[in-house]
Amino acid sequence: MIASSKKFFLAIVLGGSVFVAQAQNNSQGKNDPDAKKVLDALSMKLKSFKAVQSDFTLKVEDSKGKLQGARKGTIYVKGSRYHISITGNEIFCDGKDVWNYDKSSNEVTITKSDGGGQTISPEKFFTNFYDKDFLYKLNGETKVGTKVLQEVELTPLDKTKNFFKALLYIDKTQHLLVSAKWFDKGGNRYTLETNKLNGNAPLTDTQLAYTKGKYPGAEEVDLRN
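These lines cover the structure that appears in this document, whether it is placed above or below. (Residues numbered from 1 in each chain as written. Predicted model: local features only at pLDDT ≥ 70, side-chain atom pairs only at ≥ 80, totals over all residues. Heavy atoms only, no water.)

Along the chain, Arg189 falls in strand β11 (residues 189–198). Look at Arg189 and you get partly exposed, because its relative accessible area is 24%. Here the alpha-carbon distance between Arg189 and Lys165, two residues 24 residues apart in the chain, equals 9.9 Å. When residues no more than four places from it in sequence are discounted, the contact partners of Arg189 are Lys59, Val60, Glu61, Asp62, Ser63, Gly65, Lys181, Trp182 and Phe183. Separated by 2.7 Å, the side chain of Arg189 and the backbone oxygen of Ser63 make a polar contact. (Helix = DSSP H or I, 4+ residues; strand = E, 2+ residues; numbered from the N terminus. Buried < 20%, exposed > 50% of the residue type's maximum accessible area, 1.4 Å probe, protein only. Contact = heavy atoms within 4.5 Å. Polar contact = N/O pair within 3.5 Å; in protein donor to acceptor, adjacent residues only side chain to side chain.)

Following this line, the structure appears as structure tokens:
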């Protein structure tokens, strides 16, 4: 399943976390003020980062909780630029365009970065938590190892979205996102877990830039027009 759903997993990494960056300041429904405090603290912490490097694991389960696949990767973010290294793919964005290198086909697909509401670029996952598209509430706290995690539930106002609920698990002491889980209308469950997050990673624009020299002989497919 993992090999055959490469594009599916990449879509989740690049677009599935849209709920995270649009979790606050909704005036169309009743929100939980306690959840807002948690999200505000998380947002403030993330915005203090100069450059981010974080490992992650992405898992997919079916409606019965059976694991369908998992992939590991690392994300590097500085401003609007990012680089995602995930099994079989290298993804670069300069804030305007996205280059997705597929190792198996030695092909680079070039697309425009989506600044709209249906998908989200990864840098917003780590920096932007203010929008008006979700109702939120604090479900409570749970202890995992030595950490106390606060669970914030998000419900999209737009019922046309392909998921109906998302859960954020936030470290109460560190004010960092430990994991995010969302549920699609087909019954699948997606979990993104972060670890080894460095908010002051020594990244340069050159490190985050796509260049042809990094992948000699790769065919480029430009879909920006």
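Here the focus is the nonpolar core. Judged by nonpolar contacts, the single largest core of 32 residues is most densely connected at Tyr82, Ile84, Val152, Leu154, Leu168, Ile170 and Trp182. No other element matches the five residues that helix α2 (residues 33–47) contributes to this core. Grouped together as the second largest cluster of nonpolar side chains are eight residues, Trp99, Tyr101, Val108 and Tyr215 included. (Core = buried A, V, L, I, M, F, W, Y, C linked by side-chain atoms within 4.5 Å.)

Attention shifts here to the sheet that holds strand β6 (residues 107–112). Read from one edge of the open sheet, 12 strands run β7-β8-β9-β10-β11-β1-β2-β3-β4-β5-β6-β12, paired in mixed fashion. With partners counted over all chains shown, the strands left at the sheet margins are β7 (134–144) and β12 (219–222), one partner each. Strand-to-strand, the axes of this sheet are offset by a mean angle of 20 degrees, without reference to chain direction. Pairing of strand β4 (residues 89–93) with strand β5 (residues 97–102), which is carried by five bridges, proceeds in the antiparallel orientation. Note on β5: the bridge partner recorded for Ile91 is Asn100. (Pairing = 2+ DSSP bridges. Axes fitted to C-alpha atoms, helices over the stretch in contact; angles between N-to-C directions.)

The next subject is the pattern of salt bridges. It is possible for side chains of opposite charge to pair when their charged atoms get near one another. Evaluated as defined, the whole model comprises seven salt bridges. One salt bridge connects Glu193 with Lys59, and the closest N-O pair in it is separated by 3.9 Å. Taken together, the residues span a long stretch of sequence, with Glu193 in strand β11 and Lys59 in strand β1 (residues 52–61) at a distance of 134 residues. Residue class for Glu193 comes out partly exposed when judged on its relative accessible area of 30%. Lys59 gets classed as partly exposed once you look at its relative accessible area, which sits at 30%. Arg224 is the partner of Asp97 in a salt bridge, and the nearest nitrogen-oxygen pair spans 3.2 Å. Of this pair, Asp97 sits in strand β5 while Arg224 sits in the segment after β12; the two residues are 127 residues apart in sequence, bridging distant segments of the chain. Through salt bridges that share partners, Asp97, Asp222 and Arg224 make up one connected network. (Salt bridge = Lys/Arg side-chain N within 4 Å of Asp/Glu carboxyl O.)

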